[in-house]
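Here is how the chains run, residue by residue.
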Amino acid sequence: MAAKKKFPYRAAVVACNGGCRAKDDPKCAYGCICCGKCVESCKFGAIFINELGVAEVDEEKCIACGKCARVCPQKVIHIHECANYIVVKCSNKEKGKAAREVCSVSCIGCGICEKTCTAEAVKVIENCAVIDETACLSCGMCAVKCPRHVIIDQRGILTERY
């Protein structure tokens, strides 16, 4: 049985949305490669491989132990505060055109999210958006304005949940 969660609770999140369809044709060097190591490591059954061939986390089951993040060879899984529902679902570090060529929904480092964020919580680092969860207000404006739909609202309220 999973431990009782305290608010704000933590859970793993996978920073890849499967736009490169990594399972069938691994074009993105930064995305989930569908190796299953994260699934095997989770004794709570909180992580699975979705229909796109990308690891996905069931936040209800996840206790944020971090085991999946430690075994991920691509380092696309990290632990985050679930009080903040806004997440970046990409780890691609390629520049705009190159990123678009390998993934239909990759971050291109355009900076619109960074300019939109009134809390200055979003920064583009190595051509990919990164959210500072300690500064984020969860307003979701970065997600709404993201032209590539890389930043999402995990609740599915402000954006579709991919």
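Right above here is the structure, for reference.
Notes on the structure in this doc start here. Since the model is a prediction, treat every value here as computed from it, not as a measurement.

A few points about the overall build of the chain
Point 1. For the chain, the count of helices and strands is five helices and eight strands.
Point 2. The order of helices and strands in the chain, counted from the N terminus, is β-α-β-β-α-β-β-α-α-β-β-α-β.
Point 3. Computed over C-alpha atoms, the radius of gyration of the chain comes to 15 Å, within 12% of the 15 Å expected from 2.2 N^0.38 for 162 residues, which places it in the range of a compact globule.
Point 4. A principal-axis box enclosing the C-alpha atoms of the chain has dimensions of 45 × 35 × 25 Å.
Point 5. Per-residue burial for the chain yields a buried fraction of 44% across its 162 residues.
Point 6. Long-range contacts, defined as pairs at least 24 residues apart, comprise 62% of the intrachain contacts of the chain with a sequence gap of at least 6.
Point 7. Surface summary for the chain: the accessible area is close to 8,800 Å², and the carbon and sulfur share equals 53%.

Quick look at unusual backbone geometry
Point 1. One non-glycine residue, A64, lies in positive phi territory at about 60 degrees.
Point 2. Among the structural elements, A64 can be located in the loop between β3 (55–57) and α2 (67–71).
Point 3. With a phi close to 60 degrees, K75 is a non-glycine residue in the positive phi region.
Point 4. Turning to its location among the elements, K75 is positioned in the loop between α2 and β4 (77–81).

Considering a nonpolar patch on the surface
Point 1. Residues M141, V144, I157 and L158 make up a contiguous nonpolar surface patch of roughly 350 Å² in combined accessible area.
Point 2. Within the element layout of this structure, V144 appears in helix α5 (residues 141–145).

So, the nonpolar core
Point 1. Of all hydrophobic cores here, the largest spans 20 residues; its most connected members are V14, I47 and I77.
Point 2. Elements supplying a minimum of two residues to this core: β1 (10–14), β3 and α2.
Point 3. It is β1 that provides the largest number of residues to this core, a total of three residues.
Point 4. Membership of the second largest hydrophobic core comes to 17 residues, among which are C107, C113, V150 and I151.

Points about the side chain of K89
Point 1. Mapped onto the secondary structure, K89 falls in the loop between β5 (86–88) and α3 (96–102).
Point 2. One buried charged residue, K89, forms no salt bridge at all, with the nearest opposite charge on E56 at 6.5 Å.
Point 3. With sequence-adjacent residues up to four places away left out, K89 is seen in contact with V14, A15, C16, N17, V150 and I152.

Overview of the environment of V54
Point 1. Within the secondary structure, V54 is located in the loop between β2 (47–49) and β3.
Point 2. Residues V54 and T118, spaced 64 residues apart in sequence, show a C-alpha to C-alpha distance of 32 Å.
Point 3. In contact with V54, not counting residues within four places along its chain, are V14, C16, N17, G18, C32, F48 and I49.

Side note on the pairing of strand β7 (residues 128–131)
Point 1. Here four bridges tie strand β6 (residues 122–125) to β7, and the two strands are oriented antiparallel to one another. The partner of K123 across the bridge, within β7, is V130.
Point 2. Between the antiparallel neighbours β6 and β7 lie two residues, among them E126 with a positive phi of about 50 degrees.

Considerations on the environment of I131
Point 1. The residue I131 is located in strand β7 in this model.
Point 2. According to the relative accessible area criterion, I131 is buried, its value standing at 14%.

Observations concerning the side chain of N84
Point 1. Tracing the backbone through its elements, the reader meets N84 in the loop between β4 and β5.
Point 2. By relative accessible area, which is 4% here, N84 ends up buried.
Point 3. There is a polar contact of 3.0 Å between the side chain of N84 and the backbone nitrogen of I86.
Point 4. Of the polar contacts made by the side chain of N84, one reaches the side chain of S138; its length is 3.0 Å.

Rules and cut-offs
- Every chain's residues receive numbers from 1 upward, in the order its sequence appears when written.
- Thresholds applied to this predicted model are a pLDDT of at least 70 for local features of residues and 80 or more for the giving and counting of side-chain atom pairs; totals over whole chains, interfaces and linings are not thresholded and use all residues.
- Values reported for side chains reflect all heavy atoms of the structure, with hydrogen atoms and water molecules removed beforehand.
- Helix and strand assignments follow DSSP, with helices taken as H or I runs no shorter than four residues and strands as E runs no shorter than two, numbered in order from the N terminus.
- To get the radius of gyration, use the C-alpha atoms; to get the globule rule, take the number of residues to the power 0.38 and multiply by 2.2 Å.
- Relative accessibility decides the category of a residue: with a 1.4 Å probe and only protein chains considered, values under 20% of the type maximum give buried, values over 50% give exposed, and everything between is partly exposed.
- Contact between two residues is taken to exist if any of their heavy atoms lie within 4.5 Å; hydrogens are not considered.
- Areas reported here follow the Shrake-Rupley algorithm with a probe of radius 1.4 Å; residue values treat only the protein chains shown as occluding.
- Here a patch means residues that are over 30% exposed by relative accessible area and free of salt bridges, tied together within 9 Å if like-charged and within 5 Å if nonpolar (Val, Leu, Ile, Met, Phe, Trp, Tyr).
- Any carboxyl oxygen of Asp or Glu that lies within 4 Å of a side-chain nitrogen of Lys or Arg is treated as forming a salt bridge with it.
- Grouping buried Ala, Val, Leu, Ile, Met, Phe, Trp, Tyr and Cys residues that are joined through side-chain atoms within 4.5 Å yields what is termed a nonpolar core.
- Only four residue types enter the charge count: Lys and Arg as positive, Asp and Glu as negative, with His and the chain ends excluded.
- Paired strands, in this sense, are two strands between which DSSP finds at least two bridges.
- The definition of a polar contact used here is a pair of N or O atoms within 3.5 Å, where within protein one atom must be able to donate a hydrogen and the other to accept one, and adjacent residues in sequence count solely through side-chain atom pairs.

By themselves, these figures tell us nothing about what the structure is for.
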